[in-house]
Amino acid sequence: MLRSARLLAVLALLSAVAVASAGPAAFVDGTVVRVVDGDTIHVRIGARVERVRYIGVNAPELHHPRRGEEPGGREAARVNRDLASNRRVRLELDVRTRDRYGRLLAYVWVGGLMVKAELVRLGYAQVMTVPPNVRHQALFLKLQRDAREAGRGLWRRA
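Residues numbered from 1 in each chain as written. Predicted model: local features only at pLDDT ≥ 70, side-chain atom pairs only at ≥ 80, totals over all residues. Heavy atoms only, no water.

(A) Seen up close, the pairing of strand β6 (residues 104-110). Within β6, seven of the seven residues are buried, which leaves it mostly tucked inside the rest of the structure. Judged by which residues are buried, β6 turns out to be covered on both faces: L104, A106, V108 and V110 on one side and L105, Y107 and W109 on the other are all buried. By the bridge criterion, three bridges tie strand β3 (residues 48-54) to β6 in an arrangement that is parallel. Pairing of Y54 across the sheet is with A106, part of β6. Pairing between β6 and strand β7 (residues 113-114): two bridges, direction antiparallel. From the neighbouring strand, W109 faces β7, where its bridge partner is M114. Here β6 hands over to β7 after two residues, with G111 in that stretch at a positive phi of 60 degrees. (Buried < 20%, exposed > 50% of the residue type's maximum accessible area, 1.4 Å probe, protein only. Helix = DSSP H or I, 4+ residues; strand = E, 2+ residues; numbered from the N terminus. Pairing = 2+ DSSP bridges.)

The structure is reproduced here in structure tokens:
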């Protein structure tokens, strides 16, 4: 337990340093009303609900139109649900705020924890950098490397 607390503290510190070095960020507060899968949530912001896609990561799909459910999709969705479901969140926006599907693009924070960074650290999401949204890229790559080397989540050795 103490090791987990230390790791979360280090993760929060790394995230704060990355934000500070990337320049000013815009933030929007809301409440998660639905977790779609490992990288998409619905967030109530005032009177409207926005589909929010996590910036910089890709998790296995639950409902891919051609491939169906991908291996690890249920686990990624479960971990995302555990981290974000029904929580107050702060959405950190980057350069591009919407994707081609109209989803809001954001880094999602629950208190001092960046949800997608935790998904990568636990091995349930992979880094997927799409410029110009690269604010936390170095952190995500380090967390993915660590998860892969430790065999966590999707990287678990059979």
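Moving on from the coordinates now.
(B) Inspection of helix α2 (residues 73-84) at higher detail. With twelve residues, α2 extends 16 Å from end C-alpha to end C-alpha; this agrees with the ideal 16 Å at 1.5 Å per step. Those residues of α2 that fall on the buried side of the exposure criterion are G73, A76, A77, V79, N80, L83 and A84. The buried residues of α2 occupy an angular sector of 165 degrees when the element is viewed end-on, so they sit on one face. A positive phi of about 60 degrees marks N86, the residue just after α2. (Expected span 1.5 Å × (residues − 1). Arc of directions from axis to C-beta.)

(C) Structural context of unusual backbone geometry. Of note, the bond from P131 into P132 is cis; its omega dihedral lies within 30 degrees of zero at 15 degrees. Looking at the secondary structure, you find P132 in the loop between β8 (126-127) and α4 (137-150). The backbone of N86 shows a phi angle near 60 degrees, a positive value even though the residue is not glycine. As for its placement among the helices and strands, N86 is situated in the loop between α2 and β5 (88-93). Residue classification places N86 among the exposed residues on the basis of a relative accessible area of 62%.

(D) Highlighting the nonpolar core. I41, V43, V52, Y54, L91, V108 and L119 are the most contacted members of the largest nonpolar core, which totals 36 residues. Looking at this core, the element that brings in the most residues is β6, giving seven residues. Among all residues touching I41, those that are not within four sequence positions of it are V32, R34, V35, V36, E50, R51, V52, Y54, N80 and V108. (Core = buried A, V, L, I, M, F, W, Y, C linked by side-chain atoms within 4.5 Å. Contact = heavy atoms within 4.5 Å.)

(E) Structural context of the packing of aromatic side chains. All told, the structure shown has one aromatic pair when counted by the stated rule. Over the aromatic face of W155 sits the side chain of R148, whose NZ or CZ is 4.3 Å from the ring centroid. (Phe/Tyr/Trp six-rings, centres within 6.5 Å; stacked < 30°, edge-to-face > 60°. Lys NZ or Arg CZ within 6 Å of the ring centre and 35° of its normal.)

(F) Highlighting α4. Over its 14 residues, α4 extends 20 Å from the first C-alpha to the last, a length consistent with the 20 Å expected when each residue adds 1.5 Å. Where α4 ends, the next residue or the one after it, G151, has phi of about 70 degrees, a positive value.

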